[in-house]
Amino acid sequence: MARTNPLQFIQQVRSEVGKVAWPTRREVLLTTVMVFLMATVTAIFFALVDLAIKGGLRGLLTLFG
């Protein structure tokens, strides 16, 4: 495998970075909002599931305990 000198490497890296399709500010904002929204919905869902399981177990323990 051929080795390149550091200067060539930096030039190649800059060339590749120039090819990257960077997201716009609006895309980043929308994606961030969606991530927070989905995290909130997921947290609420699992909190409700946790409460349901807790209530079910408490009911079973009072029934048999």
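Residues numbered from 1 in each chain as written. Predicted model: local features only at pLDDT ≥ 70, side-chain atom pairs only at ≥ 80, totals over all residues. Heavy atoms only, no water.

An unreviewed UniProt entry annotates the protein as Protein translocase subunit SecE of Thalassovita mangrovi. We quote the UniProt Sequence similarities (unreviewed entry) comment for the protein here in full: "Belongs to the SecE/SEC61-gamma family." According to its UniProt record, the protein has this under Subunit (unreviewed entry): "Component of the Sec protein translocase complex. Heterotrimer consisting of SecY, SecE and SecG subunits. The heterotrimers can form oligomers, although 1 heterotrimer is thought to be able to translocate proteins. Interacts with the ribosome. Interacts with SecDF, and other proteins may be involved. Interacts with SecA." (UniProt positions renumbered as here; feature names shortened; annotations may be inferred.)

Visitor: Is there a simple way to think about the overall build of the protein in this case?
Guide: When helices and strands are tallied, the protein shows 2 helices and 0 strands. Considering only C-alpha atoms, the protein reaches an extent of 75 × 35 × 10 Å along its principal axes. Taking all 65 residues of the protein together, 0% fall into the buried category. For the protein, the accessible area works out to roughly 6500 Å², and carbon and sulfur atoms hold 71% of it. (Helix = DSSP H or I, 4+ residues; strand = E, 2+ residues; numbered from the N terminus. Buried < 20%, exposed > 50% of the residue type's maximum accessible area, 1.4 Å probe, protein only. Areas by Shrake-Rupley, 256 points an atom, 1.4 Å probe, with all protein chains shown as cover.)

Visitor: Help me out: how do you make sense of the UniProt feature "transmembrane region" (unreviewed entry) in the protein in this one?
Guide: According to UniProt, the feature "transmembrane region" (unreviewed entry) maps to residues 28-53 in the numbering used here. Within residues 28-53, the helical portion is 100% and the strand portion 0%, while the C-alpha atoms at the span's ends are 37 Å from each other.

Visitor: Is there a simple way to explain the environment of Thr 4 in this structure?
Guide: Among the secondary structure elements, Thr 4 is positioned in the segment before helix H1 (6-18). For the pair Thr 4 and Gly 65, spaced 61 residues apart in sequence, the C-alpha to C-alpha distance is 75 Å. What Thr 4 contacts, discounting residues up to four positions off in sequence, is Phe 9 and Gln 12. (Contact = heavy atoms within 4.5 Å.)

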